[in-house]
Amino acid sequence: MSSKRAQNESGDTDMKKKKKKRSSSSVETVELCGAVEEEEVKRAVKEAWSNKTHYSKGDLELDCHPFPHCIIKNFLSCQTFVENLQRELLELSFNEKSNDLYKFKQSDDLKKRKEPHIAAMRAALFGRFRSWLGDVLGVELEPTVDISCAKYEYTDVLLCHDDELEGRRVAFILYLVPPWQSSDGGTLDLYSTDSNFQPESIAKSLVPSWNTLVLFEVSPVSFHQVSEVLSQDKCRLSLSGWFHGHSLERLPRFKEPSILKHPHLPRDETVLFEWINPLYLDISYQEQIQTEFEDSSEIQLKDFLKEEKFREVSEALRQTHIQWMKTGPPNKRCYESASLDSLPECVNTCWELLRSEAFFLLLSNFTGLHLHYLCPKDEEDEETEKDNKEEGEVAGTSAESSSRAEADNGGKKISTPVCCGEVRRWSHGSYTLLHDAEAAQAEYALDLILPFGCTDWQKEFGGFTYYVANEEDEELLTVHPEDNSLALVYRDKETLKFVKHVNHKSTQVDSSTCNKFYDFSFVYYE
């Protein structure tokens, strides 16, 4: 770059003239397909879009299921132009993009790129085509340019979302891909919605096709995803962005029912001696754990359960009679949760261990949190308690523990520590996402994760738990699944978590027992 700049500044008039002449001759133009140019077709598409009916003519198709979207094949009329556009795009610099929702490579915004074919494509989209689209929708679309290039390669994915953001009116994608089949993945999946306008299931999958444009109105029900690319040797290249205009009316966000929280089960310390590695029941070692936890707000306790108990639960979790239920909706989560009624006896006993009064007290000793009335309170906590309003008891607390707690607290009612939890199964396609409701309901809490069946699980498979600061991409902590390693993480109201999408690499292992794993996931509240 520096050598070129030096030549241009050398004062050579002939060179300047030649460069100017060459640059002016490199201006490209692009012709759109005939369907977009025909007035009759435009009127028909406008009527069909307004009435939400199907319309098709030649290379153009409008389908309104599960929400209105338009597919235009052979969108650019000149094959040579398309090939040159693809070449210019592949020569761009791409940035790795990865968070809870997606993993792919993306270029910088293309609104100022000077490459002749990129510039011509941008001018056509946000010039003639924007005018055509505005007429079809009967709205005035703004001249705002919002366009970039994306490369999806093996295991790249963009999970379920609706694209809603202030000002976005129509989303578009132009595919520049090699011959592509549904078995290659990378399909554009459109979701149906339920009575609460939440995504339910994939209603239609569009396979990427060379020089095909897909567009749809951004709306409260425009849930879609780019399915994981399964081909190891193909690149899903596309131009995508949004036309801006007055947003469609937004529906009130559906609020999921609050997760039920339960007080501890009345089980004494006998259950701890039966199940837990004796090392963790030693008082002096518990003090060491608490010191380390208070410094970092997280800890992993390896070989937590007795080996024979861990092995028994691991084998039982693979039993076929356990009823696994898919947990959604897909714009928030996708994994399997066990029906508690179907758990084998040893798995159910392990579940009860993690909900027992004795275990609440053990967690208090590990963390210094007030998860049991016997946990001593410091002066700061006592001052805070005076300032807070009294909270009622949670139904179901053992009468004996409650009365003892009240006696130790001068007869005054106190809040009762509670928890919620589930037994989960993780396999290809599983994930959880960050979402607005989670941020709004964030509380101080202690997370517990106890994994099973992940001896050969590798980091590149996904399935690990990320902790991030709210509204930031900064990673605070990653918890990798590790057999019989109890992870404890204390999070404040500004800390959120998600489980990274389990990708196709997890299915490529030799043993069928290694392509999935299980965990007990609990959250405890003081």
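Peer 1: I would appreciate a short explanation of the pairing of strand β6 (residues 147–152) in the present structure.
Peer 2: The two faces of a sheet get side chains in turn, since along a regular strand they alternate between them. Counting buried positions along β6 gives six out of six residues, so the element sits mostly inside the fold. Of the two faces of β6, both are covered, the one formed by I147, C149 and K151 as well as the one formed by S148, A150 and Y152. Looking at chain direction, strand β5 (residues 102–106) and β6 are connected through two bridges and run antiparallel. Note that in β6 the partner of K105 across the bridge is K151. As paired elements, β6 and strand β13 (residues 236–244) share six bridges and run antiparallel to each other. For I147, the partnering residue across the bridge sits in β13 and is G241.

Peer 1: Help me understand the packing of helix α8 (residues 283–296) against helix α11 (residues 357–367) in this model?
Peer 2: Between two packed helices, both the angle of their axes relative to each other and the distance between the axes serve to describe the pair. Following both chains from N to C, one finds α8 and α11 inclined at 60°, their axes separated by 6 Å at the closest point. When the axis of α8 is compared with that of α11, the two are oblique. The segment α8 lies against α11, with Q286, I289, Q290, F293 and E294 engaging L362, S364, N365, F366 and T367.

Peer 1: I tried to follow the sheet that holds strand β23 (residues 495–499) on my own but got confused; where do I start?
Peer 2: Strands belonging to one sheet form pairs held by backbone hydrogen bonds; the direction of such a pair is parallel or antiparallel. Reading across the sheet, the three strands line up as β21-β20-β23 and stay open at both edges, with antiparallel pairing between neighbours. At either margin of the open sheet sits one strand with a lone partner, and together these are β21 (475–479) and β23. Here the average twist between neighbouring strands, direction ignored, is 20°.

Peer 1: Sorry, what's going on with helix α10 (residues 345–355) here?
Peer 2: Three or four residues apart is the spacing at which side chains of an α-helix point the same way, because the helix has 3.6 residues per turn. For α10, every residue scored as buried is listed here: C346, V347, C350, W351, L353, L354 and R355. Summarising the contacts, the buried residues of α10 are in contact with α7 (270–275), α9 (307–317), α11, β17 (418–426), β19 (445–452) and β24 (517–525).

Peer 1: Got a minute to help me understand the pattern of salt bridges in this structure?
Peer 2: When the charged atoms of two side chains lie near each other, side chains of opposite charge can form a pair. Tallied over the full model, the rule gives 26 salt bridges. When the shortest N-O distance is used, the salt bridge between D135 and K42 registers 3.1 Å. Linking D135 in helix α6 (residues 116–137) with K42 in helix α4 (residues 39–51), this pair joins segments that are 93 residues apart in sequence. The exposure class assigned to K42 is buried, which follows from its relative accessible area of 14%. One salt bridge connects E96 with K105, and the closest N-O pair in it is separated by 3.8 Å. One network of salt bridges, with partners in common, ties together D162, E164, E166, R250 and R253.

Reading guide: rules and limits
- Residues numbered from 1 in each chain as written.
- Predicted model: local features only at pLDDT ≥ 70, side-chain atom pairs only at ≥ 80, totals over all residues.
- Heavy atoms only, no water.
- Buried < 20%, exposed > 50% of the residue type's maximum accessible area, 1.4 Å probe, protein only.
- Helix = DSSP H or I, 4+ residues; strand = E, 2+ residues; numbered from the N terminus.
- Pairing = 2+ DSSP bridges.
- Axes fitted to C-alpha atoms, helices over the stretch in contact; angles between N-to-C directions.
- Parallel < 35°, antiparallel > 145°, perpendicular 65-115°, else oblique.
- Contact = heavy atoms within 4.5 Å.
- Salt bridge = Lys/Arg side-chain N within 4 Å of Asp/Glu carboxyl O.

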